[in-house]
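Coordinates in review
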Amino acid sequence: MAKTRTDSEDAQLAAAGFDPSATAAQALGKLREIATPENEVAIARALGNIPDAGAAAMLAEMEAPARGGLRREIRRSIFKLHQRGIATPETPRSEPPATTPAAAADETLTAYFSPIDSEGTRVIWLMKQRTRGGVARLWGLVSESEGLAGAIVSGFSRKELRAEREELERRASMRFVEGDWHLADFILCEAFRRTPEERRARVGNFLALRSELTSAAVPIEIDHPLYRELGPDIPDEPASDLLKEAEVAEWKFSAAEIAPYAEELGRANESTIVLNEIQQRERVETIVGRALSELFSGESGDRFRRRFEDTGYYMLHSGRRDGARWAAAAANQISAGADLKRVAFFQAFVRAQLGAVM
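About the cut-offs
- Residues numbered from 1 in each chain as written.
- Predicted model: local features only at pLDDT ≥ 70, side-chain atom pairs only at ≥ 80, totals over all residues.
- Heavy atoms only, no water.
- Helix = DSSP H or I, 4+ residues; strand = E, 2+ residues; numbered from the N terminus.
- Contact = heavy atoms within 4.5 Å.
- Buried < 20%, exposed > 50% of the residue type's maximum accessible area, 1.4 Å probe, protein only.
- Expected span 1.5 Å × (residues − 1).
- Arc of directions from axis to C-beta.

**Some words on unusual backbone geometry**
Note: most residues except glycine have negative phi, and most peptide bonds are trans. Non-glycine residue S173 carries a positive phi angle of around 50 degrees. Within the element layout of this structure, S173 appears in the loop between α7 (158-172) and β5 (177-179).

Here it is as structure tokens:
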């Protein structure tokens, strides 16, 4: 079997003298000694397997300036240590970079978010006050399956914009919430990158439209503001009550995602082999377990993690802090590669999806 990148990185640590079976003090000392910018992801992963407060402290040091894949690996390791009862000391975040005049001007931007509907679609407004009065608004329709489905820039007076928002909320029976414009910008840009080439004609000028509101570099990653706004107030596991939140209760997997497991469950129910109740339950457990392992890993796992983060952010800004905390916990568990078969919420979540299809 071909070596994975993870295997290769771990082999490099071993070649540099790191022994995961050494005492915690020895292992931590060696990791500090051999740390380089090139192996920091592997070191973050190794720290998650050292059940010692020193490992938690080292991860906390690494987290402040970390971004992207490194930050996600650090969060996975912190989560693993938390599961073993090892707390991570809080460390101050690195100071933000000095703002340029263009960046300072962009601080006048605001954003509004709709909830994500059952099909994975939402509306994002990115807005900027015009120097001559009124507001420039970039309207974006974001689809989980199709990327950016529409984008338009229009000018409004504040009164007109408020009236349009109220009418949209009335017609769609939902609430728009105000939030971090950096997140709205990232969602729109990420959706544009995911838009299939044959469908880009409808939003082909998106980057030009965006430039009417901001000169900031197009974001390729983001430290989700949900975690910053919740702080340490995130449980280890999501409560099953998260299923009662409308955005989660109405969430539907696509047919392509859920159909293979529903079909297998249907074949099991139609089997001519007579099974007792325990055997039937075991077969269902096996199918649900495989769905959890496959749907919440890899690219689909990243997508579901992001949806829990964005849903949690919407709930937080619509006054539902408990729901936001549980959604953040669900996202953390996916990010950490936790055994979701042991988590009641995820078990119930997938069973509800299968039940709806069956």
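After presenting the structure, the write-up continues.
**Some remarks on the side chain of E169**
Mapped onto the elements, E169 comes out in helix α7. If we ignore the near neighbours within four places in the chain, the residues touching E169 are M174, R175 and F176.

**Points about the side chain of S77**
Among the secondary structure elements, S77 is positioned in helix α5 (residues 68-83). Classification of S77 as buried rests on a relative accessible area of 2%.

**A closer look at α7**
Here α7 contains 15 residues, and its C-alpha end-to-end distance of 21 Å stays within 8% of the 21 Å for a straight helix at 1.5 Å per residue. Where α7 is concerned, the buried positions are L161, L168 and E169. In an axial view of α7, the angular spread of the buried residues amounts to 100 degrees, which keeps them on one side of the axis. In α7, the exposed positions that point more than 90 degrees away from the buried face belong to K159, R170 and R171. Looking at the buried positions of α7, the neighbouring elements they touch are β2 (121-129), β3 (135-143) and β4 (147-156).

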